[in-house]
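Here's the letter readout for the chains.
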Amino acid sequence: MEEIKKLAEMIKKADGATVFFGGAGVSTESGIPDFRSANGIYSEQYGTLSPEAIVSGSFFKRDPKLFYSFYREKLLYPNARPGKAHISLARLEKAGLLSAVITQNIDGLHTEAGSSNVIELHGSTLRNYCVSCGRKYGIDAVLDSDGIPRCSCGGIIRPDATLFDEALPYGAMDRAADYVSAAKLLIVGGTSLAVYPAASLLHYCSGDICIINLSATGSDRYASLTIHSPIGEVLSKVCEALEI
Ligand code: CNA
């Protein structure tokens, strides 16, 4: 495929100064639905509430019980394993061809696949903490409890993930912007680029941009290469073409 050859050449030319910025579409091949695809989480309404309203910081404070019933059913996939896209990105990093993975995902699959420099812009469902005393918990505290998970101090345990209407983890956006500014090539994949401020990262890039996404995004015009194919297939073929 001509596009694969072209992307492999762009990665070679960038000589290690390539950054990947991705979203939920990277993990759909691992069985985790995204938000905005036709069968994504946004395709259903929950009574009078939209998923976006439930997964917000203000809703969490107002009704943590309903938040947790939605969250456990729709956002937690403890049995999901890294797919071809995660594995290929880890291979690119090991080969010295990728400097960072910046992700909007909260599933921890890039780290599990072996990527070591991962910036989680929206935190992670694998990390949790008590809102009263700050004690840290793993995902089991949520999986092994019913209703609202509680700390030994009685406080509510919450995910260390950015909910809608909350600020990003301190410093994450700055670190990500530094990597993107230094990149000769930015590969953007599996994201509708509809969530801000994450989507604004593209504007820090003065190098080439390649977008790999099933559907068109509003930022396709900034890309010198756009590939509308499944990201796992594309990235694994790119690794083959690079012989890594
Ligand atoms: P989104 O808005 O749902 O967009 C996903 C995009 O990926 C869509 O444009 C799809 O066309 C595309 N896509 C889906 N599958 C593939 C595939 N196999 N290959 C290529 N493209 C594909 O999700 P965004 O990430 O843009 O939105 C950011 C939100 C989603 C963040 O706040 C995340 O926390 C949140 N989210 C994360 C997960 C996760 O951690 N796995 C799952 C669902 C939502």
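Treat the numbers as computed from the prediction; the structure is a model and nothing was measured. (Residues numbered from 1 in each chain as written. Predicted model: local features only at pLDDT ≥ 70, side-chain atom pairs only at ≥ 80, totals over all residues. Heavy atoms only, no water.)

This paragraph deals with the packing of helix α1 (residues 2-14) against helix α9 (residues 231-242). At a minimum axis distance of 9 Å, the contact between α1 and α9 shows a crossing angle of 65 degrees. Two packed elements cross with a definite hand, and for α1 against α9 that hand is right-handed. Contacts between α1 and α9 involve Ile4, Leu7, Ala8, Ile11 and Lys12 from the former and Val234, Lys237, Val238, Ala241 and Leu242 from the latter. Taken together, the residues that form the contact of α1 with α9 break down as eight nonpolar, no polar and two charged. (Axes fitted to C-alpha atoms, helices over the stretch in contact; angles between N-to-C directions. Helix = DSSP H or I, 4+ residues; strand = E, 2+ residues; numbered from the N terminus. Left-handed = near helix turned anticlockwise from the far one by under 90°. Contact = heavy atoms within 4.5 Å. Nonpolar A, V, L, I, M, F, W, Y, C, P; charged D, E, K, R; others polar.)

Examined against the element boundaries, Met173 turns out to sit in helix α8 (residues 172-182). The spatial distance from the C-alpha of Met173 to the C-alpha of Ile119 is 8.7 Å, given a sequence separation of 54 residues. Beyond its immediate chain neighbours, meaning those up to four positions away, Met173 contacts Leu121, Leu168, Pro197, Ala198, Ser200 and Leu201.

Neighbouring the ligand are 28 residues, the closest being Glu29, Phe35, Arg36, Thr191 and Ser192. One nitrogen or oxygen atom from the side chain of Thr28 is found 2.9 Å from a nitrogen atom belonging to the ligand. For the ligand, the accessible surface in isolation is 870 Å², of which the surrounding protein chains cover 94%. Looking at the shell around the ligand residue by residue, the classes come out as ten nonpolar, 14 polar and four charged. (Near = heavy atom within 4 Å. Polar contact = N/O pair within 3.5 Å; in protein donor to acceptor, adjacent residues only side chain to side chain. Areas by Shrake-Rupley, 256 points an atom, 1.4 Å probe, with all protein chains shown as cover.)

The next thing to look at is the sheet that holds strand β1 (residues 18-22). In spatial order, the strands read β3-β2-β1-β7-β8-β9; together these six strands make up an open sheet with parallel pairing. The open sheet is flanked by β3 (118-120) and β9 (225-227), the only strands paired with a single partner. Across the sheet, the mean angle from the axis of one strand to that of its neighbour is 15 degrees, orientation sign disregarded. Where strand β2 (residues 100-103) lies against β3, three bridges are found, and the strand directions are parallel. For Ile102, the partnering residue across the bridge sits in β3 and is Ile119. (Pairing = 2+ DSSP bridges.)

Residues Leu7, Ile11, Phe20, Leu92, Leu185, Ile212 and Val238 are the most contacted members of the largest nonpolar core, which totals 27 residues. Of all elements in the fold, only α1, α5 (84-94), β7 (185-189), β8 (208-212), β9 and α9 reach the threshold of two or more residues within this core. Residues Ile102, Ala198, Cys205 and Ala223 belong to the second largest nonpolar core, which totals 23 residues. (Core = buried A, V, L, I, M, F, W, Y, C linked by side-chain atoms within 4.5 Å. Buried < 20%, exposed > 50% of the residue type's maximum accessible area, 1.4 Å probe, protein only.)

This next bit is on the pattern of salt bridges. Scanning the model with the defined rule gives seven salt bridges in all. Lys12 is the partner of Glu9 in a salt bridge, and the nearest nitrogen-oxygen pair spans 3.7 Å. Placement of both Glu9 and Lys12 in helix α1 is noted, with a separation of three residues, approximately one turn of the helix. The partner of Glu73 in a salt bridge is Lys74, and the shortest N-O contact between them spans 3.3 Å. Here Glu73 falls in the exposed class, since its relative accessible area comes to 54%. Salt bridges linked by common partners bring Glu120, Arg127 and Asp160 together as one network. (Salt bridge = Lys/Arg side-chain N within 4 Å of Asp/Glu carboxyl O.)

Moving on, we get to the packing of aromatic side chains. As enumerated under the stated definition, the model contains seven aromatic pairs in all. Taking the centre distance of 5.2 Å and the plane angle of 90 degrees together, the rings of Phe67 and Tyr68 count as edge-to-face. When its relative accessible area of 1% is taken as the criterion, Phe67 is described as buried. Here Tyr68 falls in the buried class, since its relative accessible area comes to 0%. Here Tyr68 and Tyr71 contribute two aromatic rings whose centre-to-centre distance is 5.7 Å and whose plane-to-plane angle is 90 degrees, an arrangement assigned as edge-to-face. Of the two residues, Tyr68 and Tyr71 both sit in helix α4 (residues 64-74), three residues apart, roughly one turn of that helix. The burial state of Tyr68 is the same as that of Tyr71; both residues are buried. Through successive ring pairs, a cluster of aromatic residues spans Phe60, Phe67, Tyr68 and Tyr71. Here the basic side chain of Arg158 rests over the ring of Phe60, its NZ or CZ set 5.6 Å away from the ring centre. (Phe/Tyr/Trp six-rings, centres within 6.5 Å; stacked < 30°, edge-to-face > 60°. Lys NZ or Arg CZ within 6 Å of the ring centre and 35° of its normal.)

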